[in-house]
Amino acid sequence: MHTRQNQKNLTSAQKKRFTAAVLELKRSGAYDALVRTHDKYFVPDRDRKLRVGHMSPSFFPWHRRYLLEFERQLQEIDAGVSVPYWDWTTDSSPASSLWADDFLGGTGRTGDRKVMTGPFAYDKGNWTVTVGITESAFLTRNLGRPQNPITLPTAAELQWAIDDPTYDVAPWDSTATAGGFRNKLEGWAAPKSERWRNHNKVHQWIGGHMTGGTAPNDPAFWLHHAFVDLIWDRWQQKHPGSGYLPAAPLAVGDLQRGRVIARDEPMPPWNITPREMSDHRSLYRYE
Ligand SMILES: [Cu+2]
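Residues numbered from 1 in each chain as written. Predicted model: local features only at pLDDT ≥ 70, side-chain atom pairs only at ≥ 80, totals over all residues. Heavy atoms only, no water.

**Structural notes on the coordination of the copper ion**
Okay, so step 1: Of the protein atoms, only His-199 (NE2), His-203 (NE2) and His-225 (NE2) coordinate the copper ion, at distances of 1.9 to 2.1 Å.
Okay, so step 2: Positions of the donor residues of the copper ion along the chain correspond to the pattern H-x3-H-x21-H. In this pair, His-203 sits in helix H6 (residues 198-206) while His-225 sits in helix H7 (residues 220-238), placing the two residues 22 residues apart along the sequence.
Okay, so step 3: Residue His-203 is classed as buried on the basis of its relative accessible area of 8%.
Okay, so step 4: For His-225, a relative accessible area of 2% translates into the label buried. (Donors = N, O, S within 2.8 Å, 3.2 Å for Na, K, Ca; no water. Helix = DSSP H or I, 4+ residues; strand = E, 2+ residues; numbered from the N terminus. Buried < 20%, exposed > 50% of the residue type's maximum accessible area, 1.4 Å probe, protein only.)

Right, dumping it as structure tokens:
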């Protein structure tokens, strides 16, 4: 049993061990295999295929299992490491210690958005982007998008999602605007003028590689999704009578049948069900 800590409480020794283990995973090739997995399951509504990772109810359990994969691989390198989480409602500035030279490094430079500081800066020689290189082989970021500013989600915006007692609603995709915790937190449930909320807005605030299917090219991905995972837990604590939906496979004739994972259906690529992923307390805890 290990503890996932708030990133702001990590000692400099812990930050060093975490980043060293990530760099070793990158060197071995295992990191890029994980990036490829995320990209493969980044299937939008319009594709009319099974949606398991995003724009669907299994967004939370799929990412829980995906983070466990990453964390187990890190722990094979250094058993004392776990994934920290980033509470973006409180550490909401590019000046946060998260973005310092001794941890994730900062924003990209003007022009090509190339990250110039920290262990993942291309010029340090240890972090070449190889999956989804249409953009660039160097890590890019644009924290807060100064030329067209965007702010991180507030505590109130997060609470708006957590307060919804219904896990998810039909049509179980990005257009599920009738409510539902999942889409309010994943962040598609927003008026056009606003575009993104909560989880999605954080990807946009970081910018660069974090905005597409190959977002795990930026190690900030894991800290963001560890907090998303913790939020799922907070929602469960607040609504003990609610559970994952849909509880059963969708009926014949439903346009979403075969495209959405029900509570006891297996999620690729691990063939584990949302029910099996709905309680993390035997695996790890949050500080
Ligand atoms: Cu994400």
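**Side note on the pattern of salt bridges**
Okay, so step 1: By the definition in use, this model includes 18 salt bridges.
Okay, so step 2: Glu-71 serves as the salt-bridge partner of Arg-4, at 2.8 Å between the closest nitrogen and oxygen. On the criterion of sequence distance, the pair formed by Arg-4 in strand E1 (residues 2-4) and Glu-71 in helix H3 (residues 59-77) is long-range, its members being 67 residues apart. Each member of the pair, Arg-4 as well as Glu-71, is classed as buried.
Okay, so step 3: Arg-51 is the partner of Asp-45 in a salt bridge, and the nearest nitrogen-oxygen pair spans 3.7 Å. Neither residue differs from the other here; Asp-45 and Arg-51 are each classed as buried.
Okay, so step 4: Each of Arg-4, Arg-64, Glu-71 and Asp-229 takes part in one network of salt bridges that share partners. (Salt bridge = Lys/Arg side-chain N within 4 Å of Asp/Glu carboxyl O.)

**Let's talk about the environment of Ala-30**
Okay, so step 1: Topologically, Ala-30 is positioned in helix H2 (residues 30-40).
Okay, so step 2: Placed 40 residues apart in sequence, Ala-30 and Phe-70 show a C-alpha to C-alpha distance of 9.1 Å.
Okay, so step 3: With residues near it in sequence (within four places) discarded, Ala-30 still touches Leu-25 and Gln-73. (Contact = heavy atoms within 4.5 Å.)

**Quick notes on the environment of Leu-245**
Okay, so step 1: Secondary-structure assignment places Leu-245 in the loop between H7 and helix H8 (274-277).
Okay, so step 2: Judged by its relative accessible area of 27%, Leu-245 is partly exposed.
Okay, so step 3: Beyond its immediate chain neighbours, meaning those up to four positions away, Leu-245 contacts Pro-57, Thr-166, Tyr-167, Asp-168, Trp-172 and Arg-263.

**So, unusual backbone geometry**
Okay, so step 1: A cis amide bond links Leu-245 with the next residue in sequence, Pro-246, at an omega value of 0°.
Okay, so step 2: On the secondary structure map, Pro-246 appears in the loop between H7 and H8.
Okay, so step 3: Across the junction of Pro-268 and Pro-269, the peptide omega takes the value 0°, indicating a cis bond.
Okay, so step 4: Along the chain, Pro-269 falls in the loop between H7 and H8.
Okay, so step 5: One non-glycine residue, Arg-145, lies in positive phi territory at about 45°.
Okay, so step 6: Topologically, Arg-145 is positioned in the loop between H3 and helix H4 (155-162).

**Comments concerning the nonpolar core**
Okay, so step 1: Within the largest apolar cluster, 66 residues are counted, with the highest numbers of intra-cluster contacts made by Phe-70, Trp-86, Trp-99, Phe-181, Ile-206 and Trp-222.
Okay, so step 2: Per element, the largest residue contribution to this core is 11 residues, and it comes from H7.
Okay, so step 3: Not counting residues within four places of it along the chain, the set of residues in contact with Trp-222 comprises Tyr-31, Leu-34, Tyr-66, Leu-67, Phe-70, Val-83, Pro-84 and Pro-216. (Core = buried A, V, L, I, M, F, W, Y, C linked by side-chain atoms within 4.5 Å.)

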